[in-house]
Amino acid sequence: MRPIYFLFAVLLSFCLTAQKKITSIPFELFGDHMFIKVSVDKSQPLDFIFDTGSGLTVLDKAVADKMKLIRKTAEMNKTKSQLELIKHNTIDINGFLMESNIDVYAADLSHLEISLGRDFDGILGYDLLHHHTVHIDYDNLTMDIYDHGNGPKDGDAIPFELMTSIPTVRGNVVLNNNQAYDGLFFIMTGAGTTLDLNSPAALEWDAINKTGKHYSYPVKGLSEEETMHYEGHVMSFSFGNQVVEDIPIGISTAKSGIQADKKVAGIIGNRILREFNITIDVPDKMIWLKKNSHFGEKFNINSSGIDIQMSKDMRKVMIHRVFDDSPAAEAGIKENAELLTINGQLAVSIPIPDMQTILRRSGETVTLRVKQDGKEQDFTFKMRSLLD
């Protein structure tokens, strides 16, 4: 029997070795965005968003200027962004050296920083997935890297296809009038949303008229092109064996970019994805989802009626938008005013995701000190969901 036990031990050792992760990378969850530490040409660690929806690795132009990196204009067919190809030697993620054949592009990210509410240095996604299996553990805020074919494969196994280098799965959305629609949906950890409907699907399904009460605001992507975006509500969304119910969603009116894609119905964003621990294996074209401690958390909705962002110099919090028929509009708050305090606390001392959390507490009373029309004023009002 000894040879059999010996053979079993050898096979077990081989399997454990094959499943062994190469490295574990901590990440920060800032609101609904994942931040990892990346170095380019042995630079100091830089803050990058990890986005499975990013087919390119992008470095902020201001950082490339500071590092004096050589670059040339890149011709890109599928983006209106002004991109420049950077000449570089190495990229590492938290000390993990990536493959040498990765292109890095410089782009101006300042307009995204204003909306997000913090400085960051770049975006990375497909270039990691292309070379390695990635396991995202939202409970422990770690991203584990494996050779392709390895990594945790528990939970719901969902096949995907790559479209414009983005994992894309089949899903089903049930609108408020109980009509159900099937379609393909991008998996995008860099999208700070629950579910967005792309403009062609939204138009075909008449989504704006079938998703309840709405409010709207302009949005920008990697390019600085601005389009109107609507917020509505659907009864449920399912993909694989997973069903997420009672969801606020976005509805795009984009004329270009991925949100104008006619083949893909929409985007599954990180407000849904973070409810699962996820393994993505590109060669196998499989994604595994396992419910984590965030599953079932309520999706809170804007209840103040204001949309906030930072000023261009990142030193002030500005009221970018005041929605019609909202508590803030009724109180007399105006667009482009400066938000000074929330419930007595300096607004600039509160991260924007934390401010958004406060402003989504339907039923609570909030006091905002605002500078508008040349003077400081206090506004106190009771909040209510803009989608009720």
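Residues numbered from 1 in each chain as written. Predicted model: local features only at pLDDT ≥ 70, side-chain atom pairs only at ≥ 80, totals over all residues. Heavy atoms only, no water.

Draft legend 1. Up close: the nonpolar core. Membership of the largest hydrophobic core comes to 61 residues, with the highest contact counts inside it found for L128, M143 and I268. One finds V322, A337, L359 and V370 within the second-largest nonpolar core, a separate group that totals 23 residues. (Core = buried A, V, L, I, M, F, W, Y, C linked by side-chain atoms within 4.5 Å. Buried < 20%, exposed > 50% of the residue type's maximum accessible area, 1.4 Å probe, protein only.)

Draft legend 2. Structural context of the pairing of strand 13 (residues 142-146). For strand 13, the tally of buried residues reaches five of five residues, placing the bulk of the element in the interior. Residues T142, D144 and Y146 point to one face of strand 13 and M143 and I145 to the other, with burial holding for every one of them. Note that strand 12 (residues 133-137) and strand 13 share five bridges and pair antiparallel. Looking at the pairing, H135 lines up with D144 of strand 13. In this antiparallel pair of consecutive strands, strand 12 and strand 13, the connection spans four residues, and L141 shows a positive phi of 55 degrees. (Helix = DSSP H or I, 4+ residues; strand = E, 2+ residues; numbered from the N terminus. Pairing = 2+ DSSP bridges.)

Draft legend 3. Fine view of unusual backbone geometry. With phi around 55 degrees, L141 is a residue other than glycine that occupies positive phi space. Mapped onto the elements of the fold, L141 is located in the loop between strand 12 and strand 13. L141 gets classed as partly exposed once you look at its relative accessible area, which sits at 33%. Even without glycine at this site, D246 takes up a positive phi of about 55 degrees.

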